[in-house]
Amino acid sequence: MKKIFSLLMLVVMTISMATTACSSTDRIDAEIRAYQKHLPEDLGDGMVMTNVAHEGNYIVYTAEYNESEFPISLISSEPAILELLKAGVGAEILQSGDSDIQKLLELMRDANMGMKYVIIGLKTGEQAVITFTPEEIQSAAD
C-alpha cells in the first residue's frame, strides 16, 4: 500500500503544477497522460502498476499481481477480505493528512470522480477491484 501511496503522491505533485485555468477533469487527464509514461512500475511483493486511466467518473489504477503468495480469487471471492483491503487503502489515502493527497482528493471532488484499484492475477486472469465511489470521495472531506 505504501507503493500505491507513493504513486498517488507523484500524480498529485504533477497535478499541482498544472495551470489553474483548466478544469479539474482536464488537469487530472493531463497529468494521468504524463504519468502513464512512467509505467509499468514495480510496486514490490509481486505487483506491477501497469496503467492509470480516467474512465467515466473514476481514476482507475491497474496493477498486475503474480499470485505467488495467494490467488486473486481469495480476494475477489471474499467480501470481508476486499473490505479489509479497502479500509487499509482508505485509511492511507482518503484519511491522509498529507497536503498533496488532499489536493488530489479536492480535484476529484470538484470533478465528482471516484477511484478504483484493479488488481489482475497473472496466473488466473481474475480481478479484484477496490472502488471508492464519487460519494465516498466527497464524504471523506467531511
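In this text the structure is predicted, and so the values were computed from the model without any measurement.

Criteria and cut-off values
Sequence order as written defines residue numbering, which begins from 1 separately in each chain. A pLDDT threshold of at least 70 governs which residues receive local features in this predicted model, and a stricter bar of 80 or more applies before side-chain atom pairs are shown or counted, although totals over entire chains, interfaces and linings include all residues. As a rule here, side-chain values come from all non-hydrogen atoms in the structure, and water together with hydrogens is ignored. Counting from the N terminus, the helices are DSSP H or I runs at least four residues long and the strands are E runs at least two residues long. Exposure classes here rest on a 1.4 Å probe applied to the protein chains alone. A residue is buried below 20% of its type maximum, exposed above 50%, and partly exposed in between. Per-residue and other accessible areas were derived by the Shrake-Rupley procedure at a 1.4 Å probe size, with only the shown protein chains allowed to occlude residues. Here the expected length of a helix is defined as 1.5 Å per residue gap, with one fewer gap than residues. The contact criterion used is simple: two residues touch if any of their non-hydrogen atoms lie within 4.5 Å. Helix axes are fitted to C-alpha atoms over the stretch in contact, other axes to C-alpha atoms as well, and angles between N-to-C directions run from 0 to 180 degrees. Angular relationships are summarised with four words: roughly parallel below 35 degrees, roughly antiparallel beyond 145, roughly perpendicular across 65 to 115, and oblique for the angles in between. With the far helix as reference, a near helix turned anticlockwise by less than a right angle produces a left-handed crossing, and one turned clockwise produces a right-handed crossing. Note that Gly is not counted as nonpolar here; it falls among the polar residues with everything else outside the nonpolar set of Ala, Val, Leu, Ile, Met, Phe, Trp, Tyr, Cys and Pro and the charged set of Asp, Glu, Lys and Arg.

**Things to note about the overall build of the chain**
Then, number 1: Across its full length, the chain carries six helices and five strands.
Then, number 2: Counting from the amino terminus, helix and strand elements in the chain follow one another as α-α-β-β-β-α-α-α-β-β-α.
Then, number 3: By the burial criterion, 42% of the 142 residues in the chain qualify as buried.
Then, number 4: Per element, the accessible surface of the chain, about 7,300 Å² overall, is 53% carbon and sulfur.

**Digging into helix α5 (residues 99-110)**
The α-helix winds at 3.6 residues per turn, so residues separated by three or four positions along the chain end up facing the same way.
Then, number 1: With 12 residues, α5 extends 16 Å between its outermost C-alpha atoms, agreeing within 8% with the 16 Å of an ideal straight helix rising 1.5 Å per residue.
Then, number 2: Along α5, the positions that sit buried rather than exposed are Asp100, Ile101, Leu104, Leu105, Leu107, Met108 and Arg109.
Then, number 3: Just downstream of α5 lies Asn112, where phi reads positive at about 55°.

**Details of the side chain of Lys86**
Then, number 1: Summarising the element assignment, Lys86 is placed in helix α4 (residues 79-92).
Then, number 2: Once you skip the residues sitting within four places of it in the chain, Lys86 turns out to touch Ile130, Thr131, Phe132 and Glu136.

**Thoughts on the packing of helix α2 (residues 24-36) against α5**
Then, number 1: Running from N to C, α2 and α5 point in directions that differ by 125°, and their axes come no closer than 8 Å. Compared by their axis directions, α2 and α5 come out oblique. The two elements α2 and α5 cross, and the hand of that crossing is left-handed. On α5, the residues touching Ser24, Arg27 and Ile28 of α2 are Leu107, Met108 and Asp110.
Then, number 2: A per-class count over the contact of α2 with α5 returns three nonpolar, one polar and two charged.

Function cannot be inferred from these measures alone, as they are strictly geometric.
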